[in-house]
Each structure stands twice: as C-alpha cells, then as structure tokens.
Amino acid sequence: MTNENKIIEMLTKMQADIDTLTSKANSQNENETPEEKNLRQLKAFRSFVNSTTDAEEPEATAKFFKFMDAEEARKAAF
C-alpha cells in the first residue's frame, strides 16, 4: 500500500468518526424540550456575559461560541 493510499484510508476513517460524533451531538439536541433548550441557551449566554476576558474564563466563551456555531449549522441545514 502506498503512502497516499494509507493517508486516504486514515482520512476516510477520521471523516467517518467525525460524522458519527456530529450525528450523536445533533440527536442529543433534538431530544430537548423547548424549555430545556431555552435554559441551556440562557446559561451559555450568562456565562459569556459574566466572563470579562478570555483569560479569566476561556471555557465559558468557547462554550458560547460552540453553541452559536451549532445553531448556525442547524439553521443552514434547513
């Protein structure tokens, strides 16, 4: 097997893993009630607002932007 084939095989496996994780994440959000979704959104927003800098609470900012990216992806799917 050539190096190119090994790389293609490895990338194909990685893409399959990414697709699996993405579908799991999407299915978790689909099972949420509207109230649970609102609470999750509010909690992420409050964490973002209450963090003054990325140096103080980088996980809050990252969590907020991860949520916003997920919402954009969901809206783009429609």
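Cut-offs and rules
Residues numbered from 1 in each chain as written. Predicted model: local features only at pLDDT ≥ 70, side-chain atom pairs only at ≥ 80, totals over all residues. Heavy atoms only, no water. Axes fitted to C-alpha atoms, helices over the stretch in contact; angles between N-to-C directions. Helix = DSSP H or I, 4+ residues; strand = E, 2+ residues; numbered from the N terminus. Parallel < 35°, antiparallel > 145°, perpendicular 65-115°, else oblique. Left-handed = near helix turned anticlockwise from the far one by under 90°. Contact = heavy atoms within 4.5 Å. Nonpolar A, V, L, I, M, F, W, Y, C, P; charged D, E, K, R; others polar. pLDDT = per-residue confidence, 0-100. Buried < 20%, exposed > 50% of the residue type's maximum accessible area, 1.4 Å probe, protein only. Patch = residues over 30% accessible without salt bridge, like charges linked within 9 Å, V, L, I, M, F, W, Y side chains within 5 Å. Areas by Shrake-Rupley, 256 points an atom, 1.4 Å probe, with all protein chains shown as cover. Salt bridge = Lys/Arg side-chain N within 4 Å of Asp/Glu carboxyl O.

Participant: Looking at this structure, I do not really get the packing of helix H2 (residues 34-50) against helix H3 (residues 58-77). What am I missing?
Facilitator: Relative orientation and spacing of two packed helices are given, respectively, by the angle between their axes and the distance between those axes. Axis separation between H2 and H3 bottoms out at 8 Å; the angle between their running directions is 135°. In terms of orientation, H2 and H3 fall into the oblique class. Once H2 is placed against H3, the crossing between them reads as left-handed. Side by side, H2 and H3 meet where Lys37, Arg40, Gln41, Ala44, Phe45, Ser47 and Phe48 of the first sit next to Ala60, Thr61, Phe64, Phe65, Phe67, Glu71 and Arg74 of the second. When grouped by side-chain class, the residues that make up the contact of H2 with H3 number seven nonpolar, three polar and four charged.

Participant: So what exactly am I meant to see when it comes to the confidence of the model for the protein here?
Facilitator: Predicted coordinates in regions of low pLDDT should not be interpreted in detail. Here the protein averages 79 in pLDDT, while 87% of its residues score no lower than 70. Within the protein, the element-level pLDDT minimum falls on H3, averaging 79, and the maximum on helix H1 (residues 3-30), averaging 83.

Participant: Help me out: how do you make sense of the environment of Ala62 in this one?
Facilitator: Its place among the elements puts Ala62 in helix H3. Judged by its relative accessible area of 47%, Ala62 is partly exposed. Along the chain, Ala62 and Phe48 lie 14 residues apart, while their C-alpha atoms are 8.7 Å from each other.

Participant: Got a minute to help me understand the side chain of Glu71 in this structure?
Facilitator: Positionally, Glu71 belongs in helix H3. When its relative accessible area of 11% is taken as the criterion, Glu71 is described as buried.

Participant: How should I be thinking about a nonpolar patch on the surface in this particular structure?
Facilitator: The grouping of Ile7, Met10, Leu11 and Met14 at the surface amounts to a nonpolar patch, some 390 Å² of accessible area in total. Relative to the helices and strands, Ile7 is located in helix H1.

Participant: Hey, could you run me through the environment of Ala44 in this one?
Facilitator: Along the chain, Ala44 turns up in helix H2. Separated by 18 residues in sequence, Ala44 and Ala62 have C-alpha atoms that sit 9.7 Å apart.

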